[in-house]
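One-letter residues, chain by chain:
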Amino acid sequence: MTWAAWLGAPVAATVLAAIWSWGRGVRARGPRRVSTRAAMQAHSDYLDALTIPASNAGRPIRGGADTTPDG
């Protein structure tokens, strides 16, 4: 029966740590309400940040070191 205590102690500690960290997160953050307009604007900004650098991918690097192999 002592094996149950050895297996139960880490499980109980893990459960208590998960509940404690969840509770800290809820109290620190609180409920967050985002309007549809603000959420759509944030998503649009995110997509713009992804596509703007990708459009410059084919351009050569200016002022950088020569990356061509010595052949």
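All of these numbers come straight from a predicted model, not from anything done at the bench. (Residues numbered from 1 in each chain as written. Predicted model: local features only at pLDDT ≥ 70, side-chain atom pairs only at ≥ 80, totals over all residues. Heavy atoms only, no water.)

A.B. asks: Kindly report on the overall build of the chain, identifying the contributing residues and their values.
C.D. replies: Looking only at helices and strands, the chain has two helices and zero strands in total. Evaluated residue by residue, the chain yields a buried proportion of 1% over its 71 residues. (Helix = DSSP H or I, 4+ residues; strand = E, 2+ residues; numbered from the N terminus. Buried < 20%, exposed > 50% of the residue type's maximum accessible area, 1.4 Å probe, protein only.)

A.B. asks: Describe helix 1 (residues 2-29), and please don't skip the residues or the numbers.
C.D. replies: For helix 1, spanning 28 residues, the distance from its first C-alpha to its last is 41 Å, which sits close to the expected 40 Å at 1.5 Å a residue. Approximately 25 degrees is the largest bend angle found in helix 1, and it occurs at Gly8, with the proline Pro10 only one to four residues beyond. (Expected span 1.5 Å × (residues − 1). Bend = angle between axes of the 7 residues up to and from the residue.)

A.B. asks: Describe a nonpolar patch on the surface, and please don't skip the residues or the numbers.
C.D. replies: On the surface, a nonpolar cluster with roughly 260 Å² of combined accessible area is contributed by Val11, Val15 and Ile19. Here Val11 shows up in helix 1. (Patch = residues over 30% accessible without salt bridge, like charges linked within 9 Å, V, L, I, M, F, W, Y side chains within 5 Å. Areas by Shrake-Rupley, 256 points an atom, 1.4 Å probe, with all protein chains shown as cover. Salt bridge = Lys/Arg side-chain N within 4 Å of Asp/Glu carboxyl O.)

In short, the description is geometric, and any link to function would need to be established separately.
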